[in-house]
Amino acid sequence: MPLRLFALLSLLGLLAACATKPPVAPQLPAEPPPTAVEDTAAPLPAYLRELSGSLLGVPHGAEAELALLVLDQRGLPDGLLGNIQMRGDGAPLPFRLPFNPQAFAPGARIELRGRVHLSGRLILRLLPLPIRHAQSQSLGELRLVPAP
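Residues numbered from 1 in each chain as written. Predicted model: local features only at pLDDT ≥ 70, side-chain atom pairs only at ≥ 80, totals over all residues. Heavy atoms only, no water.

- Going by what an unreviewed UniProt entry lists, the chain is known as Lipoprotein and is assigned to Pseudomonas taeanensis MS-3.

## Examining the overall build of the chain
No. 1: Across its full length, the chain holds 1 helix and 8 strands.
No. 2: Secondary structure elements of the chain, listed N to C terminal, follow the sequence α-β-β-β-β-β-β-β-β.
No. 3: In the chain, the share of contacts with a sequence separation of at least 24, taken over all contacts with a separation of at least 6, comes to 62%.
No. 4: Split by element, the accessible area of the chain, about 10,600 Å² in all, is 61% carbon and sulfur. (Helix = DSSP H or I, 4+ residues; strand = E, 2+ residues; numbered from the N terminus. Contact = heavy atoms within 4.5 Å. Areas by Shrake-Rupley, 256 points an atom, 1.4 Å probe, with all protein chains shown as cover.)

## Things to note about the sheet that holds strand β8 (residues 145-146)
No. 1: Read from one edge of the open sheet, 5 strands run β3-β2-β5-β6-β8, paired in antiparallel fashion. Because the sheet does not close on itself, it has two edges, and the strands there are β3 (77-87) and β8.
No. 2: Note that strand β6 (residues 121-130) and β8 share 2 bridges and pair antiparallel. For R125, the partnering residue across the bridge sits in β8 and is V145. (Pairing = 2+ DSSP bridges.)

## Points about the nonpolar core
No. 1: Residues L55, L68 and L112 are the most contacted members of the largest nonpolar core, which totals 26 residues.
No. 2: Of all the secondary structure elements, the ones that give two or more residues to this core are β1 (49-56), β2 (63-71), β3, β4 (93-99), β5 (109-118) and β6. (Core = buried A, V, L, I, M, F, W, Y, C linked by side-chain atoms within 4.5 Å. Buried < 20%, exposed > 50% of the residue type's maximum accessible area, 1.4 Å probe, protein only.)

## Thoughts on unusual backbone geometry
No. 1: One non-glycine residue, S119, adopts positive backbone phi at about 55°.
No. 2: On the secondary structure map, S119 appears in the loop between β5 and β6.

## Observations concerning the sheet that holds β4
Note on sheets: strands pair through backbone hydrogen bonds, and any given pair is parallel or antiparallel.
No. 1: Sheet architecture is open: 3 strands sit in the order β4-β1-β7, paired in mixed fashion. The outermost strands of the open sheet, each flanked by one partner alone, are β4 and β7 (137-143). Strand-to-strand, the axes of this sheet are offset by a mean angle of 20°, without reference to chain direction.
No. 2: Of the strand pairs in this sheet, β1 and β7 are connected by 5 bridges, and their pairing is parallel. The residue of β7 that forms the bridge with S54 is E141. (Axes fitted to C-alpha atoms, helices over the stretch in contact; angles between N-to-C directions.)

## Digging into the environment of R109
No. 1: The topology assignment puts R109 in strand β5.
No. 2: Taking the relative accessible area as the measure of exposure, R109 reaches 40% and is therefore partly exposed.
No. 3: Each C-alpha atom, one on R109 and one on D78, is 9.8 Å from the other, the two residues being 31 residues apart in sequence.
No. 4: Contact partners of R109, with chain neighbours within four places excluded, come to L69, V70, L71, D72, Q73 and G75.

## Description of the packing of aromatic side chains
No. 1: Summed over the entire model, instances satisfying the criterion amount to 1 aromatic pair.
No. 2: An angle of 40° between the planes, with centres 5.4 Å apart, marks the rings of F99 and F104 as tilted. (Phe/Tyr/Trp six-rings, centres within 6.5 Å; stacked < 30°, edge-to-face > 60°.)

Following this line, the structure appears as structure tokens:
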């Protein structure tokens, strides 16, 4: 009889232990996206190339986006090779846009396009910049123009 009682108590203890909730690990706060490219950025993998430079005239708190696009015969976007989003701080905004050079089809039209939003409103844009070679390039300082 004592063995049965011991087995029953052990089974009830096991069921009670399984019924309790496991301790919850504290959630770490999400890191905000980087606002600018740092000189200590990780090296680029061997199979990728990048466009780099800086955007001039991005106001403090504005959201800038750059996209490397494949265009069709009519000049409309047909594919996306890479894009980045950054937040302006009023100073020149450095960028590094990685892309896969194997995605460059022979004879395809490739352009870098950009836009800047402030409070949900389009305020600036980058005039389309043709990219002719699938190599890493430094584009220097790019000026934004007011959006229509």
